Amino acid sequence: MKIFVTGAKGQLGRELIQQGSKDGLHLQGIDLPEHDIADSASLKALIEKYSPELVLNAAAFTMVDKAEAEPQLAEAGNHIGPANLSEICKKQKVPLIHISTDFVFDGERRTPYLPDEPMNPLSVYGRTKAAGEEAVRELLPRHLIVRTSWLYASNGANFVATMLRLGREHKKIRVVSDQFGSPTCAADLATALLSMGRQVLKNDGPWGTYHFCGSGITSWHGFAMAIFEQAKSHTALAVEEVEPITTSEYPTPARRPAYSALDCSWTTKDFGIVPRLWQESLEETLPNMLARYPDPKES
Ligand SMILES: NC(=O)c1ccc[n+]([C@@H]2O[C@H](COP(=O)([O-])OP(=O)(O)OC[C@H]3O[C@@H](n4cnc5c(N)ncnc54)[C@H](OP(=O)(O)O)[C@@H]3O)[C@@H](O)[C@H]2O)c1
């Protein structure tokens, strides 16, 4: 299988390239600053030249707060880029797997969102990701849109890495406890996407919108507590208290959904993919993360 991967240097992109290569797939990865998916002409030339069987879009402008101040960057990465990819894929007769986010929802529900529930994003990031989804749906029938949530990888800037740094530096940490969702390990998502890619190529479908995230629901506070509990068996931490706080006590430029758990049952039904418990994936990833960010006191 020959796959063209955008956002190849990001959390998910790196996992896709690593796992795909191990599986013997042929992959070409592109990313900023060399290649911008908002630049249609150069993107078209690259895809035509590589002639992939599948395009996987893991590129996105993911800095949720920065997007409020720089909406044109979010628009380029999250809307124009996916629209360009869809047009090129249509001309090349190649399917596209496009990754999206739980932040397309407003968080008003208290049960996990199914893929066909109406989007109502609260932020520039969410609005540009929703517009990217709409463009893919409108321009390219042979697509999968796979939404995920609270993504972390051993290689990226993410909540787990931030908690490990804070947990080494501070005795007391304050973490938001009234936003709920499902942590997702990028390695698990990459495995799921490669499996979905193989299946849609083999069976020419099913196409449409699906969800994949870690199994189970927690708050950022619950996630932080699990990170510290598990990390303490590998390394010394300074943190003694994790104080639960409300969203209003931790104001951010972008509004975030209070509840954004995703229902993955369609992915299980149509692709036979069953997400693992988020705590299990965390346990597997933490030693790698700690090896990448060694305790400065120990080195
Ligand atoms: N991170 C999360 O918590 C989360 C949650 C839900 C859904 N998602 C979705 O999951 C997917 C993967 O996220 P991730 O965490 O792996 O993101 P990431 O680590 O930020 O990686 C995204 C990559 O895309 C690149 N990029 C941004 N704009 C681009 C453009 N115009 N052209 C080409 N490349 C561009 C980024 O480059 P720069 O670093 O130079 O900007 C980065 O290397 C995205 O679709 C994201 O929306 C993420």
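What counts and how
- Residues numbered from 1 in each chain as written.
- Predicted model: local features only at pLDDT ≥ 70, side-chain atom pairs only at ≥ 80, totals over all residues.
- Heavy atoms only, no water.
- Helix = DSSP H or I, 4+ residues; strand = E, 2+ residues; numbered from the N terminus.
- Rg over C-alpha atoms; globule rule 2.2 N^0.38 Å.
- Buried < 20%, exposed > 50% of the residue type's maximum accessible area, 1.4 Å probe, protein only.
- Contact = heavy atoms within 4.5 Å.
- Areas by Shrake-Rupley, 256 points an atom, 1.4 Å probe, with all protein chains shown as cover.
- Lys, Arg positive; Asp, Glu negative; His and termini not counted.
- Charge placed at Lys NZ, Arg CZ, Asp CG, Glu CD.
- Polar contact = N/O pair within 3.5 Å; in protein donor to acceptor, adjacent residues only side chain to side chain.
- Phe/Tyr/Trp six-rings, centres within 6.5 Å; stacked < 30°, edge-to-face > 60°.
- Pairing = 2+ DSSP bridges.
- Axes fitted to C-alpha atoms, helices over the stretch in contact; angles between N-to-C directions.
- Parallel < 35°, antiparallel > 145°, perpendicular 65-115°, else oblique.
- Left-handed = near helix turned anticlockwise from the far one by under 90°.
- Nonpolar A, V, L, I, M, F, W, Y, C, P; charged D, E, K, R; others polar.

1. Here's the deal with the overall build of the protein
At step 1: The number of helices and strands found in the protein is ten helices and twelve strands.
At step 2: A globule of 299 residues ought to have a C-alpha radius of gyration of about 19 Å, and the protein, at 19 Å, matches this closely.
At step 3: When the backbone C-alpha atoms are referred to their principal axes, the protein occupies close to 55 × 40 × 40 Å.
At step 4: Put simply, the protein has 299 residues, and 53% of those count as buried.
At step 5: Considering only contacts within the protein whose residues lie at least 6 apart along the sequence, 82% involve residues at least 24 apart.
At step 6: When the accessible surface of the protein is split by element, carbon and sulfur atoms take 53% of a total near 13300 Å².
At step 7: Distance between charge centroids for the protein: 4 Å, based on 31 positive and 37 negative side chains.

2. Looking at the side chain of Gln179
At step 1: Along the chain, Gln179 falls in the loop between β7 (172–176) and β8 (180–181).
At step 2: What makes Gln179 buried here is its relative accessible area of 7%.
At step 3: In this structure the side chain of Gln179 is engaged in a polar contact, spanning 3.1 Å, whose partner is the side chain of Trp220.
At step 4: For Gln179, the side chain forms a polar contact with the side chain of Thr247, separated by 3.2 Å.
At step 5: Not counting the four nearest positions on each side in its chain, Gln179 is found in contact with Trp150, Thr218, Ser219, Trp220, Thr247, Arg256, Pro257 and Ala258.

3. Points about the packing of aromatic side chains
At step 1: Tallied over the entire structure, the rule returns eleven aromatic pairs.
At step 2: Ring geometry for Trp150 versus Phe223: centroids 6.4 Å apart, planes at 25°, classification stacked. Taken together, the positions of Trp150 in the loop between β5 (143–148) and β6 (151–152) and Phe223 in helix α8 (residues 220–231) put the pair 73 residues apart, joining distant regions of the chain.
At step 3: Under the relative-accessibility criterion, Trp150 is labelled buried at 9%.

4. Describing the sheet that holds strand β4 (residues 96–101)
At step 1: Read from one edge to the other, the open sheet built from six strands follows the order β2-β1-β3-β4-β5-β10, with strand pairing classed as parallel. The sheet is open, and its two edges are formed by β2 (26–30) and β10 (208–211), each paired on a single side. Between one strand and the next, the sheet's axes are offset by a mean angle of 20°, whatever the strand orientation.

5. Looking at unusual backbone geometry
At step 1: A cis amide bond links Leu32 with the next residue in sequence, Pro33, at an omega value of 0°.
At step 2: Backbone geometry at Ser51 places phi at a positive 50°, although glycine is not the residue there.
At step 3: Relative to the helices and strands, Ser51 is located in the loop between α2 (40–50) and β3 (54–57).
At step 4: Here Asp204, not a glycine, exhibits a phi torsion of approximately 50°, which is positive.
At step 5: Residue position: Asp204 is located in the loop between α7 (186–203) and β10.

6. Considerations on the packing of helix α1 (residues 11–22) against α7
At step 1: Interhelical geometry of α1 versus α7 gives an angle of 55° and a closest axis separation of 9 Å. Between α1 and α7, the crossing angle belongs to the class labelled oblique. In this structure, α1 crosses over α7, and the sense of that crossing is right-handed. From α1, Gln11, Leu12, Glu15, Leu16, Gln19 and Gly20 reach across to α7, where they touch Ala186, Ala187, Leu189, Ala190, Thr191, Leu193 and Leu194.
At step 2: Partitioned by chemical class, the residues of the contact of α1 with α7 number eight nonpolar, four polar and one charged.

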